[in-house]
Amino acid sequence: QVQLVESGGGSVQAGGSLRLSCAASGRSFSSYAMGWFRQAPGKEREFVAAISRSGYNTYYADSVKGRFTISRDNAKNTVYLQMNSLKPEDTVVYYCAADRILVLTTGYDYWGQGTQVTVSS
């Protein structure tokens with residue numbers, strides 16, 4: 001079992017920035033590819049970004065390319081999502097996920113509880 005806890009969410013004006021963190025416990029963090037997803041009320045959970053076990057390879061949804069950056073610090077068992085140039089449509093709950101295999105879908109084995117991001121105009 002891997003337990004994931006997100007933090008760093010909050011409220012920000014449009015154009016502002018936030019950095020989300022996801023702290024992992026349990027099995028070796030470096031054994032897992034990590035992903036960030038988001039879900040608005042009444043909507044399906046959607047892919048945001050993913051990062052390989054080593055951190056060398058990263059992937060982004062078109063909606064966040066150039067604005068969001070995923071990174072990881074395996075020594076700290078933590079994955080980050082730096083969010084810049086935030087828009088009102090980024091106002092959703094963000095979830096951290098882990099899987100032994102990197103995938104770009106919602107089919108991850110482990111999920112955090114989510115953290116709310118609110119962007120005002």
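Our structure's up above, just so we're on the same page.
Here we summarise the structure given alongside this text. All figures in this text were calculated on a predicted structure; none of them were measured in a lab.

About the criteria used
Residues numbered from 1 in each chain as written. Predicted model: local features only at pLDDT ≥ 70, side-chain atom pairs only at ≥ 80, totals over all residues. Heavy atoms only, no water. Helix = DSSP H or I, 4+ residues; strand = E, 2+ residues; numbered from the N terminus. Rg over C-alpha atoms; globule rule 2.2 N^0.38 Å. Buried < 20%, exposed > 50% of the residue type's maximum accessible area, 1.4 Å probe, protein only. Areas by Shrake-Rupley, 256 points an atom, 1.4 Å probe, with all protein chains shown as cover. Polar contact = N/O pair within 3.5 Å; in protein donor to acceptor, adjacent residues only side chain to side chain. Contact = heavy atoms within 4.5 Å. Core = buried A, V, L, I, M, F, W, Y, C linked by side-chain atoms within 4.5 Å. Pairing = 2+ DSSP bridges. Axes fitted to C-alpha atoms, helices over the stretch in contact; angles between N-to-C directions.

**Things to note about the overall build of the protein**
Assigned secondary structure in the protein consists of 0 helices and 11 strands. Ordered by position in the sequence, the α and β elements of the protein form the string β-β-β-β-β-β-β-β-β-β-β. For a compact globule of 121 residues, the expected C-alpha radius of gyration is about 14 Å, and the protein comes in at 13 Å, within 12% of that figure. Across its three principal axes, the protein shows a C-alpha extent of roughly 40 × 25 × 25 Å. A total of 121 residues make up the protein; the buried ones form 43% of that total. Of the roughly 6100 Å² of accessible surface on the protein, 46% is carried by carbon and sulfur atoms.

**Observations concerning the side chain of T78**
Turning to its location among the elements, T78 is positioned in strand β8 (residues 78-83). On the basis of relative accessible area, T78 is assigned to the buried category, the value being 10%. A polar side-chain atom of T78 sits 2.9 Å from the main-chain carbonyl oxygen of K76. Setting aside chain neighbours within four positions, we find T78 in contact with S21, C22, A23, F29, S71, R72 and D73.

**Let's talk about the nonpolar core**
Grouped burial of nonpolar side chains is what soluble globular proteins tend to show. If you look at the biggest cluster of nonpolar residues, it comprises 34 residues, and the most contacted ones within it are L4, M34, W36, V79, L81, M83 and Y94. For this core, the secondary-structure elements that each account for two or more residues are β1 (2-7), β3 (18-26), β4 (33-39), β5 (46-51), β7 (68-73), β8, β9 (92-99) and β11 (115-120).

**Regarding the sheet that holds β8**
Paired through their backbone hydrogen bonds, the strands of a sheet run either parallel or antiparallel. Overall, antiparallel pairing links the 4 strands, which are arranged β1-β3-β8-β7 in an open sheet. Where the open sheet ends on each side, the last strands, each with one partner, are β1 and β7. Direction aside, neighbouring strands of the sheet carry axes that sit 15° apart on average. As paired strands, β7 and β8 are joined by 6 bridges and run antiparallel to one another. Looking at the pairing, I70 lines up with L81 of β8.

**With respect to the pairing of β11**
Side-chain alternation along β11 places T115, V117 and V119 on a buried face and Q116, T118 and S120 on a face that remains uncovered. Pairing between strand β2 (residues 10-13) and β11: 4 bridges, direction parallel. The residue bridging S11 from the neighbouring strand is T118, located in β11. Bridge analysis of β9 against β11 gives 3 bridges, and the strand direction is antiparallel. Within β11, the residue paired with V92 across the bridge is V117.

**A short note on the side chain of D90**
Along the chain, D90 turns up in the loop between β8 and β9. Residues in contact with D90, not counting those within four places in the same chain, are R38, R67, F68, S85, V117 and V119.

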